[in-house]
Amino acid sequence: MARLTAEYATERAQASLRNVIKLGRTADIVQWATLAATAVMEAADLAAVPSEDAGTVTMLRGSVTECLRSLTKAGLGGDTDGVLSRGELVGDAVANLAVFLGRYDAR
């Protein structure tokens, strides 16, 4: 049940992130990107990923983390265009990890 909740939270946060990007609401982009990243990381923690795929999960998690870090930096620097583009990158990274995790059951 926890895994399903994390997956649902990821999907909803991603949808909201896409919406605020379209609207150009930079403060909300940071908020929804952070929530999407947190939700997909929770889903990753709950997935029963075999050891041979653990490296891929680690790489995808690192991508989410790095994209979110870059987005946060752009937000703190007042870089509106950077927030918009990096928000999209966070969304893509979250989607990549979520799709990869979709192959595995919960622990």
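Just so it is clear, the structure is predicted and the values come from calculations on it, not from any experiment. (Residues numbered from 1 in each chain as written. Predicted model: local features only at pLDDT ≥ 70, side-chain atom pairs only at ≥ 80, totals over all residues. Heavy atoms only, no water.)

S.K.: Even after reading the chapter, I still don't get the overall build of the protein chain, so can you show me in this structure?
M.R.: What the protein chain contains, in helices and strands, is four helices and zero strands. Starting at the N terminus and ending at the C terminus, the protein chain contains elements arranged as α-α-α-α. Over its C-alpha atoms the protein chain spans a radius of gyration of 14 Å, differing by no more than 12% from the 13 Å that the globule rule assigns to 107 residues. Each principal axis of the C-alpha atoms in the protein chain carries an extent, and together these give about 40 × 25 × 15 Å. Counting only contacts in the protein chain whose residues sit at least 6 apart along the sequence, the fraction spanning at least 24 positions is 73%. Element-wise, carbon and sulfur atoms account for 55% of the exposed surface of the protein chain, whose accessible area totals about 6,100 Å². The centroid of the 11 positive side-chain charges in the protein chain is displaced by 3 Å from the centroid of its 13 negative side-chain charges. (Helix = DSSP H or I, 4+ residues; strand = E, 2+ residues; numbered from the N terminus. Rg over C-alpha atoms; globule rule 2.2 N^0.38 Å. Contact = heavy atoms within 4.5 Å. Areas by Shrake-Rupley, 256 points an atom, 1.4 Å probe, with all protein chains shown as cover. Lys, Arg positive; Asp, Glu negative; His and termini not counted. Charge placed at Lys NZ, Arg CZ, Asp CG, Glu CD.)

S.K.: Explanation requested: the packing of helix H1 (residues 2-23) against helix H4 (residues 80-101) in the structure shown.
M.R.: In helix packing, the relevant descriptors are the interaxial angle and the interaxial distance, both defined with respect to the helix axes. Where H1 meets H4, the axes come as close as 10 Å, and the angle between the chain directions of the two elements is 155°. With respect to H4, the axis of H1 lies roughly antiparallel. In the crossing of H1 with H4, the sense of the turn from one axis to the other is left-handed. Contacts between H1 and H4 involve Arg3, Thr10, Gln14, Leu17 and Ile21 from the former and Leu84, Gly87, Glu88, Gly91, Val94, Ala95, Ala98 and Leu101 from the latter. Class assignment of the residues belonging to the contact of H1 with H4 gives a composition of seven nonpolar, four polar and two charged. (Axes fitted to C-alpha atoms, helices over the stretch in contact; angles between N-to-C directions. Parallel < 35°, antiparallel > 145°, perpendicular 65-115°, else oblique. Left-handed = near helix turned anticlockwise from the far one by under 90°. Nonpolar A, V, L, I, M, F, W, Y, C, P; charged D, E, K, R; others polar.)

S.K.: I would appreciate a short explanation of the nonpolar core in the present structure.
M.R.: Buried together is how nonpolar side chains tend to be arranged in soluble globular proteins. Of all hydrophobic cores here, the largest spans 29 residues; its most connected members are Ile29, Val64, Leu71, Val90, Val94, Leu97 and Leu101. Sorting the residues of this core by element identifies H1, helix H2 (26-46), helix H3 (54-76) and H4 as the ones contributing at least two each. For isoleucine 29, the contacting residues outside a window of four places in its chain are Leu17, Val20, Ile21, Leu71, Val83, Leu84 and Gly87. (Core = buried A, V, L, I, M, F, W, Y, C linked by side-chain atoms within 4.5 Å. Buried < 20%, exposed > 50% of the residue type's maximum accessible area, 1.4 Å probe, protein only.)

S.K.: When you look at H1 in this model, what are you seeing that I'm missing?
M.R.: An α-helical segment advances 3.6 residues per turn. Residues three or four places apart therefore align on the same side. Under the 1.5 Å per step criterion, the end-to-end length of H1 is 31 Å for 22 residues, consistent within 8% with the ideal 32 Å. Inspection of H1 places Arg3, Ala6, Thr10, Ala13, Gln14, Ser16, Leu17, Val20 and Ile21 among the buried residues, and these make up the whole buried set. For H1, the secondary structure elements touched by its buried residues are H2 and H4. At the exit of H1 stands glycine 24, carrying a positive phi of roughly 75°. (Expected span 1.5 Å × (residues − 1).)

S.K.: Looking at this model, I keep getting lost on the pattern of salt bridges. Mind explaining?
M.R.: Taken as a whole and assessed by the stated rule, the structure comprises four salt bridges. Between arginine 69 and glutamate 66 there is a salt bridge, with the nearest N and O atoms lying 2.6 Å from each other. Placement of the pair is arginine 69 and glutamate 66 together in helix H3, with a separation of three residues, close to one helical turn. Its relative accessible area of 42% is what places glutamate 66 among the partly exposed residues. (Salt bridge = Lys/Arg side-chain N within 4 Å of Asp/Glu carboxyl O.)

S.K.: Any chance you could explain the side chain of threonine 10 here in plain terms?
M.R.: Topologically, threonine 10 is positioned in helix H1. A distance of 3.2 Å separates the side chain of threonine 10 from the backbone nitrogen of valine 40, its partner in a polar contact. Once you skip the residues sitting within four places of it in the chain, threonine 10 turns out to touch Ala36, Ala39, Val40, Val94 and Ala98. (Polar contact = N/O pair within 3.5 Å; in protein donor to acceptor, adjacent residues only side chain to side chain.)

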